[in-house]
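Residues per chain are reported as follows:
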Amino acid sequence: MTLVMGIVNVTPDSFSDGGRYLDAEAAVAHGLALRVQGADILDVGGESTRPGSERVAPAVEQERVVPVVRALAQAGAYVSIDTMNASTAVAAVDAGARLVNDVSGGLADPELLAAVAATGADVVLGHWRGPSADMYARAAYADVVTDVLAELAERVEAAAAAGIAPSRVILDPGIGFGKKGEQNWATLRGTARLVGMGPRVLVGTSRKRFLAETLAGDPDAQADVGERRRDLATAVTSVLAAQAGAWAVRVHDVAATRDALAVARAWEGESRWASPTRSR
Ligand code: PMM
């Protein structure tokens, strides 16, 4: 069954939560609420990767995320740390994180893979072609799925060379990272091929621009598509990712995604009734 990773952003500039969870206490409360809604994993991040965003100093990032990781891990949650920095990854694992989620696949910080290897944590390697500030300039592909798979295979090799076995790796196609509009849909259509590479696969479409562009029917009007419609679109793409064999989906609206996955499973005959939300 596909796992649900709930997003806990601890950033002042995230487009998704408007910085509402800047305060660590509020972020912890939000994470615990996502858990009650049925999140299997809580993904804590302190650096926004929204298109055009600037990098955050690792020390600032750690001030934001470490207390939140510690509190959620102490509450018994399976916590992942969304970071491109080796020092933040190590600090978060020390605080109880069990998974390092690097959207850059180890490319942004050359120390990250070796640092994660030493911790024993699992690692998400995302497909990435450069920092968010100018990532669309690198959105040129001969064939997007073939290129993404080949570049991720290189990251799996780099991880292995650093001491991380493929069984500890989770691959992520990096939806929205160095990919525009239709390139994201083409990448998603390749999910089953990505799953065929062997490692577990995580797919993150939640509230992303390409969904809003599709719903608006006009890329220039994407900002007019609100959270509710983006969350509904995300529930649909998450079901489709699950059907293509994804190990997990990364979402803001955990309750909607769990409901959508429960309905899809009932259609498939795997489970007739939705499991009640958990209050672990
Ligand atoms: N997307 C964002 C941030 N972290 N991590 C993974 N593994 N995959 C993603 O697609 C991904 C990510 C950007 O979205 P946000 O700013 O809404 O969290």
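Computed from a predicted model, the values in this text were never measured in an experiment.

Trainee: Just to check I follow, could you spell out the overall build of the chain for this structure?
Mentor: Helix and strand counts for the chain stand at 10 helices and 8 strands. Taken over the C-alpha trace, the chain has a radius of gyration of 17 Å; the compact-globule value for 280 residues is 19 Å, and the two agree within 12%. Projected onto its principal axes, the C-alpha positions of the chain cover 45 × 40 × 35 Å. A burial count over the chain gives 53% of its 280 residues as buried. Here the contacts in the chain between residues at least 6 apart in sequence split such that 66% fall between residues at least 24 apart. With the model as given, the accessible surface of the chain reaches about 12000 Å², and the carbon-plus-sulfur share is 54%. Taken together, the 28 basic and 34 acidic charged side chains of the chain have centroids lying 5 Å from each other.

Trainee: Hey, could you run me through helix H1 (residues 24–36) in this one?
Mentor: Quick reminder: α-helices carry 3.6 residues per turn. Residues three or four places apart thus point the same way. Taking 1.5 Å of rise per residue, 13 residues should cover 18 Å, and H1 covers 19 Å from first to last C-alpha, within 8% of that figure. Residues of H1 that are buried: Ala 27, Val 28, Gly 31, Leu 34 and Arg 35. Down the axis, H1 shows its buried residues gathered within 120 degrees of arc, on one side only. Considering only its buried residues, H1 is in contact with strand S1 (3–9), strand S2 (41–45), helix H2 (58–74) and helix H10 (254–268).

Trainee: How do you make sense of the site of the ligand when you look at a structure like this?
Mentor: The full set close to the ligand counts 15 residues, and Asp 82, Asn 101, Asp 172, Lys 208 and Arg 250 are the nearest of them. Residue Lys 208 places a side-chain N or O atom 2.6 Å away from an oxygen atom belonging to the ligand. His 252 is positioned with one of its side-chain polar atoms (N or O) 3.2 Å from an oxygen atom of the ligand. Protein chains shield 96% of the accessible area of the ligand, which is 410 Å² for the free molecule. The residue makeup of the shell around the ligand, split by class, is 5 nonpolar, 6 polar and 4 charged.

Trainee: Explain the nonpolar core to me, please; I cannot follow it from the model alone.
Mentor: In a soluble, globular protein the nonpolar side chains are often hidden away together inside. Val 44, Val 68, Val 69, Leu 72, Val 100, Ile 164 and Val 169 are the most contacted members of the largest nonpolar core, which totals 63 residues. With 7 residues, the single largest contributor to this core is helix H5 (residues 144–162). Once residues lying within four places of it in the same chain are set aside, the contact partners of Leu 72 are Val 28, Gly 31, Leu 32, Leu 42, Val 44, Ala 77 and Val 79. Counting 8 residues, the second-largest nonpolar core is a separate cluster that includes Met 5, Ile 41, Trp 247 and Ala 248.

Trainee: Honestly, the side chain of Ser 206 in this entry has me stumped. Any pointers?
Mentor: By the element assignment, Ser 206 lies in the loop between strand S7 (200–203) and helix H8 (209–216). Within the structure, Ser 206 has its side chain in polar contact with the side chain of His 252 (distance 2.7 Å). Look past the residues within four positions of Ser 206 in its chain and what remains in contact with it is Ile 7, Thr 234, Arg 250, Val 251 and His 252.

Trainee: Any chance you could explain unusual backbone geometry here in plain terms?
Mentor: Most peptide bonds adopt trans geometry, and most residues besides glycine take a negative phi value. In the Ramachandran plot, Arg 207 falls in the positive-phi region, its phi being about 60 degrees despite a non-glycine side chain. Position of Arg 207 relative to the elements: it lies in the loop between S7 and H8.

Trainee: What am I meant to see in the pairing of strand S4 (residues 99–102) here?
Mentor: Every regular strand shows the same layout, with side chains that alternate between the two sheet faces. Residue alternation in S4 divides its side chains into two sets, Leu 99 and Asn 101 and Val 100 and Asp 102, and both sets are buried. Here 3 bridges tie strand S3 (residues 79–82) to S4, and the two strands are oriented parallel to one another. Among the inter-strand pairings, Ile 81 is bridged to a residue of S4, identified as Val 100. Between the parallel elements S3 and S4, the chain passes through helix H3 (residues 86–94) in a crossover that is right-handed.

Trainee: Where do I start with the sheet that holds S2 in this structure?
Mentor: Across a sheet, strands are paired by hydrogen bonds formed along the backbone, either parallel or antiparallel in direction. Spatially, S1-S2-S3-S4-S5-S6-S7-S8 is the arrangement adopted by the 8 strands of the closed barrel, whose pairing is parallel. Ignoring which end each strand starts from, the neighbouring axes of this sheet average 25 degrees apart. In the sheet, S1 pairs with strand S8 (residues 248–251) via 4 bridges, with the strands oriented parallel. Each bridged residue has a counterpart across the sheet, and for Gly 6 the counterpart in S8 is Val 251. Here H1 sits on the sheet in contact with S1 and S2, set at roughly 165 degrees to S1.

What counts, and where the lines are drawn
- Residues numbered from 1 in each chain as written.
- Predicted model: local features only at pLDDT ≥ 70, side-chain atom pairs only at ≥ 80, totals over all residues.
- Heavy atoms only, no water.
- Helix = DSSP H or I, 4+ residues; strand = E, 2+ residues; numbered from the N terminus.
- Rg over C-alpha atoms; globule rule 2.2 N^0.38 Å.
- Buried < 20%, exposed > 50% of the residue type's maximum accessible area, 1.4 Å probe, protein only.
- Contact = heavy atoms within 4.5 Å.
- Areas by Shrake-Rupley, 256 points an atom, 1.4 Å probe, with all protein chains shown as cover.
- Lys, Arg positive; Asp, Glu negative; His and termini not counted.
- Charge placed at Lys NZ, Arg CZ, Asp CG, Glu CD.
- Expected span 1.5 Å × (residues − 1).
- Arc of directions from axis to C-beta.
- Near = heavy atom within 4 Å.
- Polar contact = N/O pair within 3.5 Å; in protein donor to acceptor, adjacent residues only side chain to side chain.
- Nonpolar A, V, L, I, M, F, W, Y, C, P; charged D, E, K, R; others polar.
- Core = buried A, V, L, I, M, F, W, Y, C linked by side-chain atoms within 4.5 Å.
- Pairing = 2+ DSSP bridges.
- Right-handed = clockwise from strand over helix to strand, strands pointing away.
- Axes fitted to C-alpha atoms, helices over the stretch in contact; angles between N-to-C directions.

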